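# Survey of secondary and tertiary structure
If you want the building blocks of each chain, they are given just below.
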Amino acid sequence: MKQWEIVIGLETHIHLLTRSKIFSGSSTAFGAEPNAQANAVDLALPGVLPVLNRAAVECAIRFGLAVDGQVAPKSVFARKNYFYPDLPKGYQISQYELPVVVGGQLTISTGQGEDAAEKTIRLTRAHLEEDAGKSLHEDFHGKSGIDLNRAGTPLLEIVTEPDMRSSAEAVAYARALHALVRWIGISDGNMQEGSFRCDANVSVRPAGQKELGTRREIKNLNSFRFLQQAIDYEARWQIETLEDGGRIEQATVLFDPVTCETRAMRTKEDAQDYRYFPDPDLLPLMIDREWIERARAAMPELPAARKRRFMDEFGLSAYDAATLTASPEVAGYFEAVISAAGAGAAKYCANWVMVDLAAKLNKEGVEIAGSPVSAAQLGGLVARIADGAISNSIAKKVFDALWNGEGQSADEIIEKQGLRQITDTGAIEALLDQVLAANPAMVAEFRAGKEKAFNALVGQAMKAAKGKANPQQVNARLREKLAQGNAG
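Residues numbered from 1 in each chain as written. Predicted model: local features only at pLDDT ≥ 70, side-chain atom pairs only at ≥ 80, totals over all residues. Heavy atoms only, no water.

## Some thoughts on unusual backbone geometry
Going by this rule: A run of DSSP states H or I qualifies as a helix once it reaches four residues; a run of E qualifies as a strand once it reaches two. Both are numbered from the N-terminal end. The classification of residues rests on relative accessible area computed with a 1.4 Å probe and restricted to protein chains. Under 20% of the type maximum is buried, over 50% is exposed, and intermediate values are partly exposed.
The phi dihedral of N35 falls on the positive side, at around 65 degrees, and the residue is not glycine. For N35, the position within the fold is in the loop between β1 (4–15) and α1 (54–66). Positive phi outside glycine occurs at N220, with the angle close to 55 degrees. Note that N220 resides in strand β13 (residues 216–221). Classification of N220 as partly exposed rests on a relative accessible area of 47%.

Structure (structure tokens):
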């Protein structure tokens, strides 16, 4: 049976975090009444002229630096001509032959544990453009309406080389890009509001063939799940079509999240169909070295550098470090936890942030920035685990109390509820003597070679101590007593 290779390239449109639009002073705030944020420029009234938003350019520069691309000293805006009802001018102002960022790369991580691997995805370009408006098809008594609030919102379109070979790689890239643009502060990445949208170019070819197959472009995928489902269906459909003797025609397709299928929308246009030409109303964009260096100086520590630092400073695994640098909020929270607990407790801190806290946040539908347990409080809790004041099981009770606002700190809750771990040797000795005396049958079973009896005795000891005895001390001393033949 013939083996097939899937080839994927992504084009991602991100809304840039600017207060006003790319060529007008209208607000970019989301959620306004339809057409409340569209001025004469956005409406393309006769005689209006575009004025470039400097903040949008600075966002593009930051992105170019973050992906190690070339920020072009000269780039040109062009008119991309096509007619949609929500495109008032009849063309979109974009960049074509001379984009603002050329090249670059983004490293992605796929798999976990022994299956973990890294791959570098090459970027072709990133260019500035304006968004179109939005057609509304509901609540208009069978008619469609046009909302031009979004028209003119600044976009950065980021185009990859066809380097991805599976939907999993495409999702890993999209997640990494999403994290990066949020990390460097150029987009909020809100997929529900359309701030981060992917178009996936998908083709298939026989394994080993160098020539690319005919691609079909899946438009406007605004969730990682839809991205994966759309690519999987499209690739499967193309393979089945070719194996049945059919041929693939270049086309633009839409993904239906209800049926999880793609369907052709129109024959795919090529560049010549858009009749690109330089926009005569806009001068070439000139970016000098000083501007780039000012932007570089203002850049935060990038996720890859922070991941490496977490591994070097705190001894974390690559997987843990990657998880903790998935967003600036998580990374900042983690470092604040370590600051409160001490660097020696870094592994405890990582586990609590990635497992216990993450599970609680997910269950309650809360973002880490809104966590009821502050980083300082969690750090204080981890410090008490690290110094043996409480066990892990007791720590979970303290964590729940902190979450519910039952105290200002772990220490307060530990003292108020009498949860401090019993570590006194004499107290543990007395406790074990009582347990051994009360359970002669279990002692006999252990001496007969049944290891489960030992675990049962430990359980009885912890029950008698109400979970507050140090488990390591209980285990060690109990074995010593049983080995000595001391049953009471």
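Next, the rest of the story.
## A short note on the pairing of strand β4 (residues 77–81)
Heads up, the rule is: Think of it this way: DSSP has to see at least two bridges between two strands before they count as a pair.
Burial analysis of β4 places five of its five residues in the buried class, which makes it a mostly covered element. Neither face of β4 is left uncovered, since the one carrying F77, R79 and N81 and the one carrying A78 and K80 both have all their residues buried. Pairing of β4 with strand β5 (residues 91–95), which is carried by five bridges, proceeds in the antiparallel orientation. Paired with R79 across the strands is I93, a residue of β5. Where β4 meets strand β16 (residues 277–278), two bridges bridge the pair, whose relative direction is antiparallel. Within the sheet, the bridge partner assigned to A78 lies in β16 and is P278.

## Describing the environment of P300
As a reminder, the rule being used: Contacts are residue-level and defined by heavy atoms, with any inter-residue pair within 4.5 Å sufficient.
Position of P300 relative to the elements: it lies in the loop between α4 (289–297) and α5 (303–314). Judged by its relative accessible area of 31%, P300 is partly exposed. On a C-alpha basis, the gap between P300 and E335 in space is 15 Å, while along the polypeptide they are 35 residues apart. With residues near it in sequence (within four places) discarded, P300 still touches R62, W183 and I184.

## What about the pattern of salt bridges?
To be explicit about the condition: By definition, a salt bridge exists where a carboxyl oxygen of Asp or Glu is found within 4 Å of a side-chain nitrogen of Lys or Arg.
In total, this model carries 30 salt bridges according to the counting rule given. Salt-bridge contacts for R309 lead to E301; the nearest nitrogen and oxygen are separated by 2.9 Å. E412 is the partner of K416 in a salt bridge, and the nearest nitrogen-oxygen pair spans 3.4 Å. On the criterion of helical spacing, the pair formed by K416 and E412 is a turn pair, its members being four residues apart in helix α11 (residues 410–416).

## Description of the side chain of N81
Along the chain, N81 falls in strand β4. Contacts of N81, omitting those with residues within four sequence positions, involve G90, Y91, D273, Y274, R275 and F277.

## Here's the deal with the packing of helix α7 (residues 328–341) against helix α8 (residues 346–364)
Defined as follows: To obtain each axis, a line is fitted to C-alpha atoms, and for helices this fit is confined to the stretch in contact; angles are then taken between N-to-C directions over 0 to 180 degrees. Any angle from 65 to 115 degrees is called roughly perpendicular, while one under 35 is roughly parallel, one over 145 is roughly antiparallel, and all others are oblique. Crossing handedness follows the turn of the near helix against the far one: under a right angle anticlockwise gives a left-handed crossing, and clockwise gives a right-handed one. Residues were grouped as follows: Ala, Val, Leu, Ile, Met, Phe, Trp, Tyr, Cys and Pro as nonpolar; Asp, Glu, Lys and Arg as charged; and all remaining residues, including Gly, as polar.
Across the interface, α7 lies against α8 with an axial gap of 9 Å and an inter-helix angle of 135 degrees. Put simply, α7 runs oblique to α8. Between α7 and α8 lies a crossing of right-handed hand. Every residue of α8 that contacts α7 at Y333, F334, V337, I338 and A341 is listed here: A346, C349, A350, V353 and L357. Taken together, the residues that form the contact of α7 with α8 break down as ten nonpolar, no polar and no charged.

## Remarks on the packing of aromatic side chains
For clarity, the cut-off: For Phe, Tyr and Trp, rings pair up if their centres lie within 6.5 Å, where Trp contributes its six-membered ring, and each pair is then called stacked (planes under 30 degrees apart), edge-to-face (over 60) or tilted (otherwise).
Per the counting criterion, the structure on display carries ten aromatic pairs. Each ring, one from F310 and one from F314, has its centre 5.7 Å from the other, and the planes form 50 degrees; the classification is tilted. Taken together, the residues span about one helical turn, with F310 and F314 both in helix α5 at a distance of four residues. Across this residue pair, the class does not change: F310 and F314 are buried. Residues W352 and F399 carry aromatic rings whose centres are separated by 5.7 Å and whose planes lie at 55 degrees to one another, so their mutual orientation is tilted. Note that W352 is positioned in helix α8 and F399 in helix α10 (residues 392–403), a separation of 47 residues in sequence. With a relative accessible area of 4%, W352 lands in the buried category.

## Details of the packing of α7 against helix α9 (residues 375–386)
Between α7 and α9, the least distance of the axes is 7 Å, while the angle of their chain directions is 45 degrees. As far as their axial angle goes, α9 and α7 are oblique. Where α7 crosses over α9, the two elements pack in a sense that is right-handed. Across the interface between the two elements, Y333, A336, V337, A340 and A341 of α7 pack against A375, A376, L378, G379, G380, V382 and A383 of α9. A per-class count over the contact of α7 with α9 returns ten nonpolar, two polar and no charged.

## Side note on the environment of N39
Mapped onto the elements of the fold, N39 is located in the loop between β1 and α1. Distance from N39 to N149, taken between C-alpha atoms, is 9.1 Å for residues 110 residues apart in sequence. With near-sequence residues (within four places) excluded, N39 lies in contact with S24, G25 and S26.

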